[in-house]
Amino acid sequence: MSQFRFAQRPHIGEKLRVSFEFFPPKTDEMEGRLWKTVTRLEPLKPHFVSVTYGAGGSTRERTQRTVRRILADSSLMPAAHLTCIDATREEIDRIVGEFAAMGVSRFVALRGDPAAGVGSIYRPHPGGYANGADLVAGLKAHGDFDISVSAYPEKHPESPDFATDIDMLKRKVDNGATRAITQFFFDNDLYESYVERVRRAGIYVPIVPGILPVHNFTQVANFSKRAGAIVPAWLAERFEGLEKDAQTHALVAAAVAAEQVLDLIERGVSDFHFYTMNRADLAFAICHLIGIRGEADKASSAAA
């Protein structure tokens, strides 16, 4: 079915769910931008929103502060990121208790990147949780939390092969993970093949595709190299020559992300997680295109 016909299907958005990822702001200016983004996306009623930790747990306090404000000043359901990096079990358990006391019942449990960043050597804290599966088990021991974990359609860059990588995902699920959210990818065939591998391994939780709208192609390309994600040649060609043309770059980015999401819906996907980079424009546009609207937008369409 063509995308044109897809766009005319009634009520398609009612069958889809989205979630959004934010990162805690470092400055007052960045905080202002984040809250403009929250205000813009809140009417879309996402399933949840997640708030990240920096490498090495470097944003722990700011993550807590951002989660607290989302709970206090919005109707959104926040999921707090947790990592195993540079903390003992006791320290992480205390943080879990603090989040629970705020009213947080959702977590994104990750091994985490070392303080030196993606690609540097990971060494478990001698008194901490060893990996993501260990952290999930620790969370489940403290409460019946909704727990999201990571998944890698192109395998984690530190995994020697897919079998090892998927075995780790199975351990996380067996320990109580609710869903897996993938690292961003740009080739939907890779995602589909990965889901088939995961199902053959006996893993049946939702594998939610992580979608990264390309706000800055150069930055995305550089990060992709470190993260082990392929940037297809056709994608680079789409953005070629747009380094100094922000307006056209944004239009192309919206088209690329929309194509990817529409194709995944055609393949049966109904849940999507958007890495917003604390910017609402592209995520909002894609949601609008696939029929996810705020109440005011629905009312306006009905009146028209």
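The preceding data block contains the structure.
Residue numbers run consecutively from 1 along every chain, following the written order of its sequence. Thresholds applied to this predicted model are a pLDDT of at least 70 for local features of residues and 80 or more for the giving and counting of side-chain atom pairs; totals over whole chains, interfaces and linings are not thresholded and use all residues. Hydrogens and water are ignored here; the side-chain numbers use all heavy atoms of the structure.

(A) Here's a closer look at helix α3 (residues 60–73). Secondary structure elements follow DSSP: runs of H or I no shorter than four residues count as helices, runs of E no shorter than two count as strands, and numbering proceeds from the N terminus. A helix's residues, less one, multiplied by 1.5 Å, set its expected span. When the terminal C-alpha atoms of α3 are compared, their 20 Å separation across 14 residues agrees well with the 20 Å that a helix rising 1.5 Å per residue should span. Three labels apply to residues, based on accessible area from a 1.4 Å probe with only protein chains included: buried if under 20% of the type maximum, exposed if over 50%, partly exposed otherwise in between. Residues Arg60, Arg62, Thr63, Gln64, Thr66, Val67 and Ile70 constitute the buried set of α3. Against the buried residues of α3 lie β1 (17–22), α2 (28–41), β2 (49–51), β3 (78–83) and α4 (89–102). We call two residues contacting when some pair of their heavy atoms lies within 4.5 Å.

(B) Structural view of the pairing of strand β4 (residues 106–110). Burial within β4 is extensive, with four of its five residues counted as buried. Strand pairing is assigned whenever DSSP identifies at least 2 bridges connecting the two strands. As paired elements, β3 and β4 share five bridges and run parallel to each other. Bridge pairing links Leu82 to Ala109 in β4. A right-handed crossover is one whose linking path, passing over the helix from the first strand to the second, runs clockwise when the strands point away from the viewer. Following the chain from β3 across α4 to the adjacent parallel β4, one finds a crossover that is right-handed. For β4 and strand β5 (residues 146–151), the ladder comprises three bridges, and the chain directions are parallel. Within β5, the position partnered with Phe107 by the bridge is Ile147.

(C) Representation of the nonpolar core within the structure. Buried Ala, Val, Leu, Ile, Met, Phe, Trp, Tyr and Cys residues form a nonpolar core when they are joined through side-chain atoms within 4.5 Å. Residues Phe20, Leu82, Phe107, Leu169, Ile207, Phe272 and Phe274 are the most contacted members of the largest nonpolar core, which totals 65 residues. The leading source of residues in this core is helix α10 (residues 246–266), at five residues. Setting aside residues up to four positions removed in sequence, Phe274 forms contacts with Val18, Ser19, Phe20, Glu21, Ile211, Pro213, Val261, Ala283, Ile286 and Cys287. Counting 21 residues, the second-largest nonpolar core is a separate cluster that includes Ala79, Leu212, Phe239 and Val252.

(D) Seen up close, the packing of aromatic side chains. Pairing of aromatic side chains here covers Phe, Tyr and the six-membered ring of Trp, requires ring centres within 6.5 Å, and sorts the geometry by plane angle: under 30 degrees stacked, over 60 edge-to-face, intermediate tilted. Taken as a whole, this structure holds seven aromatic pairs when the rule is applied. Plain terms: the ring middles of Phe185 and Tyr191 are 5.3 Å apart, the flat faces sit at 5 degrees to each other, and that makes the pair stacked. Both residues of the pair, Phe185 and Tyr191, belong to the buried class. Relative to Phe239, the ring of Phe217 lies with its centre 5.3 Å away and its plane at 10 degrees, an arrangement referred to as stacked. On the criterion of sequence distance, the pair formed by Phe217 in helix α8 (residues 217–227) and Phe239 in helix α9 (residues 233–239) is long-range, its members being 22 residues apart. Each member of the pair, Phe217 together with Phe239, is buried. One aromatic cluster in this structure is built from Phe99, Phe107 and Phe145.

(E) Here's a closer look at the packing of α3 against α4. Orientation of α3 relative to α4, taken along the N-to-C sense of each, is 15 degrees, at an axis distance of 10 Å. As judged from the angle between their axes, α3 and α4 are roughly parallel. The handedness of the crossing between α3 and α4 comes out as right-handed. Here α3 contributes Arg60, Thr63, Gln64, Val67, Arg68 and Leu71 to the contact with α4, which in turn contributes Ile95, Glu98, Phe99 and Met102. Its residues assigned to classes, the contact of α3 with α4 comprises five nonpolar, two polar and three charged. To define axes, lines are fitted to C-alpha atoms, for helices over the stretch in contact only, and angles between the resulting N-to-C directions are given on a 0 to 180 degree scale. In these notes the angle categories are as follows: under 35 degrees is roughly parallel, over 145 is roughly antiparallel, 65 to 115 is roughly perpendicular, and the rest is oblique. Take the far helix as the reference: if the near one is turned anticlockwise from it by less than a right angle, the crossing is left-handed, and if turned clockwise, right-handed. The residue classification treats Ala, Val, Leu, Ile, Met, Phe, Trp, Tyr, Cys and Pro as nonpolar and Asp, Glu, Lys and Arg as charged. All others, Gly included, are polar.

(F) Structural context of empty space enclosed by the protein. Both cavities and pockets are sets of points on a 1 Å grid over the protein atoms alone; in a cavity a 1.4 Å probe fits but cannot get out, in a pocket the set is open with protein on both sides within 12 Å along at least five of seven lines, and lining residues sit with an atom within 4 Å of a point. Grid points are joined across faces, edges and corners, and a volume is the space filled by probe spheres set on the points. One pass over the structure, following the stated rule, counts one cavity of 30 Å³ or more. In this structure, the largest cavity spans a volume of roughly 60 Å³. If you list the elements that add at least two residues to the lining of the largest cavity, you get β1, β6 (179–182) and β9 (271–275). Residue composition of the lining of the largest cavity, grouped by class: five nonpolar, two polar and three charged.

(G) Structural view of the packing of helix α6 (residues 162–174) against helix α7 (residues 188–200). The contact between α6 and α7 brings their axes to 10 Å, and the two run at 65 degrees. Every pair of crossing elements has a handedness; the one defined by α6 and α7 is right-handed. Between α6, through Phe162, Ile166 and Leu169, and α7, the contact on the second element is made entirely by Tyr194, Arg197 and Val198. Considering only residue class, the contact of α6 with α7 consists of five nonpolar, no polar and one charged.

(H) Highlighting the sheet that holds β1. The strand order across the open sheet formed by nine strands is β7-β6-β5-β4-β3-β2-β1-β9-β8, and the pairing between neighbours is parallel. This sheet does not close on itself; its edge strands, each paired only once, are β7 (207–208) and β8 (210–211). When β5 meets β6, the two strands line up parallel, connected through four bridges. Bridged to Ser150 within β6 is Ile181. Each of β1, β2 and β3 touches α3; the most contacted strand, β2, lies at about 155 degrees to it. Running at roughly 175 degrees to β3, α4 makes contact with β3 and β4 of the sheet.

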